[in-house]
Amino acid sequence: MKLNFSGLRSLVTGAGKGIGRDTVKALHASGAKVVAVTRTNTDLVSLAKECPGIEPVCVDLGDWEATEKALGDIGPVDLLVNNAAVVLKQPFLNITKEAFDRSFNVNLRSVFQVSQIVARDMINRGMAGSIVNVSSIAAHVTYPGLTTYCSTKGAMTMLTKAMAMELGPHKIRVNSVNPTVVLTDMGKKISADPDIGRKLKERHPLRKFAEVEDVVNSILFLLSDSSASTSGSGILVDAGYLAS
Ligand code: NDP
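Since we're looking at a predicted model, the values are computed, not measured.

> Outline the site of the ligand, listing residues and values.
Around the ligand, a shell composed of 31 residues is seen, among which Lys17, Arg39, Thr40, Tyr149 and Thr184 lie nearest. Thr38 places a polar side-chain atom, nitrogen or oxygen, 3.3 Å from an oxygen atom of the ligand. One of the backbone N or O atoms of Val59 is found 3.5 Å from a nitrogen atom in the ligand. More than half of the atoms belonging to the ligand lie within 2 Å of the grid points that define the largest pocket. Elements with a contribution of two residues or more to the shell around the ligand: α1 (18-29), α4 (97-125), α5 (147-167) and α6 (185-190). Broken down by element, the shell around the ligand gets its largest block of residues, 3 residues, from α6. Here the shell around the ligand is built from residues that sort into 13 nonpolar, 12 polar and 6 charged.

Structure follows, in structure tokens:
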């Protein structure tokens with residue numbers, strides 16, 4: 001999708017790999033300035049080579065204080081993509097406090113924190129903005145072993161709506177994209193068992209998973225003025241899964 005984001009500054013979390021990395025590349029190619037936030041510095045070094053001029057920030061978004069230090073004074077951001085997440089697979093009866101806290105801190109609490117930092121600055125500047133939360137079909141359906149992950153994404157649905165309601169009067173739109181499996185590192189982990197992977201794929205009316213590019217296109221659409229009247233909403237990128 002060719003959109004022009006020249007003159008705008010964006011911030012993408014979970015920028016080192018997968019969907020976040022390709023979102024950075026697409027925004028960079030569309031003329032936006034990009035703050036790329038992730039946890040592994042070598043990913044940022046290679047990304048900065050591919051996308052000269054991006055602003056790399058290395059931080060663990062599950063750590064509130066470290067995130068405040070790294071992003072508290074990040075300055076003006078017009079477009080925010082909350083993409084970082086972890087999947088910690090555990091059957092419901094074996095879920096540990098550590099895995100629960102880690103999942104919610106990275107997948108949900110960091111979305112609150114980074115969005116607050118960015119939205120406060122948008123409001124102070126009187127500037128319109130767009131925020132996209134990268135959610136999942138796991139906000140709507142669940143899978144064995146993914147209770148905690150699905151809970152974080154289910155909560156993200158209401159967070160997206162609540163942010164849209166409170167930030168809308170400031171001309172800040174907030175939406176989500178909800179992909180099915182995408183064969184990134186995370187997606188490969190989820191569908192690692194070939195039998196489960198095959199059965200899962202067959203349940204999709206289009207008989208396929210989503211491609212990273214499909215998700216990135218929907219993110220860019222929601223960031224752009226092409227979706228100017230869309231807020232508090234979510235785009236399913238699910239190859240028809242939820243219709244099945
Ligand atoms: P990947 O695991 O491929 O990439 C995730 C990125 O986020 C990595 O760069 C990772 O860095 C970074 N990250 C994870 N935890 C932190 C943290 N605490 N602080 C900073 N950065 C962090 O995931 P995907 O690209 O597949 O997923 C992106 C988004 O898409 C997620 O929100 C996910 O829930 C969603 N999604 C993915 C699906 C899939 O099948 N892949 C399906 C539906 C939704 P590092 O590797 O250094 O930890």
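> Describe in detail the layout of surface pockets, supporting the description with residues and values.
Of the voids in this model, the largest pocket is the one considered here, and its volume is about 890 Å³. Around the largest pocket, the lining is made up of 40 residues, and of these Asn83, Ala84, Ala85, Val86 and Met186 lie nearest the centre. If you list the elements that add at least two residues to the lining of the largest pocket, you get α1, α4, α5 and α6. Ranked by residues supplied to the lining of the largest pocket, first place goes to α6 with 5 residues.

> Residues and numbers for the environment of Lys201, please.
Note on placement: Lys201 falls in helix α7 (residues 194-202). A relative accessible area of 34% means that Lys201 is categorised as partly exposed. The contacts of Lys201, once residues within four sequence positions are left out, are Arg207, Lys208 and Phe209.

> Before we move on, could you go through the side chain of Ser218 and cite the residues and values that matter?
Mapping Ser218 onto the fold places it in helix α8 (residues 212-223). A residue is classified by how much of its surface remains accessible, and Ser218, at 13% relative accessible area, is buried. Beyond its immediate stretch of four places on either side in the chain, Ser218 contacts Val177, Ile235 and Val237.

> Tell me about the packing of aromatic side chains, and name the residues and values.
The geometry of an aromatic ring pair comes down to the distance between the two centres and the angle between the two planes. One pass over the full model with this rule turns up 2 aromatic pairs. Seen in terms of ring centroids, Tyr143 and Tyr241 are 6.5 Å apart; in terms of plane orientation they differ by 40°. Their pairing is tilted. Of this pair, Tyr143 sits in the loop between β5 (129-134) and α5 while Tyr241 sits in the segment after β7 (234-237); the two residues are 98 residues apart in sequence, bridging distant segments of the chain. What makes Tyr143 buried here is its relative accessible area of 19%.

> Before we move on, could you go through α1 and cite the residues and values that matter?
In a regular helix each residue adds 1.5 Å, so 12 residues correspond to 16 Å; α1 covers 17 Å between its end C-alpha atoms and thus fits that length. Residues Ile19, Gly20, Arg21, Thr23, Val24, Ala26 and Leu27 constitute the buried set of α1. Tucked inside the fold, the buried residues of α1 contact β1 (9-13), β2 (33-38), α2 (41-50), β4 (79-82) and α8. One or two positions beyond α1, positive phi appears at Gly31, with a value near 95°.

> How would you explain the sheet that holds β7 if you had to name every residue and give the values?
The strand order across the open sheet built from 7 strands is β3-β2-β1-β4-β5-β6-β7, with neighbouring strands paired in parallel fashion. The sheet is open, and its two edges are formed by β3 (55-58) and β7, each paired on a single side. Taken over all neighbouring pairs, the strand axes of this sheet differ in orientation by 15° on average, direction set aside. Pairing between β2 and β3: 4 bridges, direction parallel. Each residue of the ladder has a partner; that of Thr38, found in β3, is Cys58. Here α8 sits on the sheet in contact with β4, β5, β6 (172-179) and β7, set at roughly 165° to β6.

> Give a description of the environment of Asp185 that names residues and reports values.
Positionally, Asp185 belongs in helix α6. Residues Asp185 and Gly18, spaced 167 residues apart in sequence, show a C-alpha to C-alpha distance of 7.0 Å.

> Any details on unusual backbone geometry? Residues and values, ideally.
Even without being glycine, Arg207 reaches a positive phi, approximately 55°. Tracing the backbone through its elements, the reader meets Arg207 in the loop between α7 and α8. Phi angles above zero are rare outside glycine, and Ala239 is one such case at about 50°. As for its position among the elements, Ala239 is in the segment after β7. You can call Ala239 buried: its relative accessible area is 11%.

Criteria and thresholds
- Residues numbered from 1 in each chain as written.
- Predicted model: local features only at pLDDT ≥ 70, side-chain atom pairs only at ≥ 80, totals over all residues.
- Heavy atoms only, no water.
- Near = heavy atom within 4 Å.
- Polar contact = N/O pair within 3.5 Å; in protein donor to acceptor, adjacent residues only side chain to side chain.
- 1 Å grid on protein atoms, 1.4 Å probe; cavity = no way out; pocket = protein on both sides within 12 Å on 5 of 7 lines; lining within 4 Å.
- Sits in = over half its atoms within 2 Å of the grid points.
- Helix = DSSP H or I, 4+ residues; strand = E, 2+ residues; numbered from the N terminus.
- Nonpolar A, V, L, I, M, F, W, Y, C, P; charged D, E, K, R; others polar.
- Points joined across faces, edges and corners; volume = space filled by probe spheres on them.
- Buried < 20%, exposed > 50% of the residue type's maximum accessible area, 1.4 Å probe, protein only.
- Contact = heavy atoms within 4.5 Å.
- Phe/Tyr/Trp six-rings, centres within 6.5 Å; stacked < 30°, edge-to-face > 60°.
- Expected span 1.5 Å × (residues − 1).
- Pairing = 2+ DSSP bridges.
- Axes fitted to C-alpha atoms, helices over the stretch in contact; angles between N-to-C directions.

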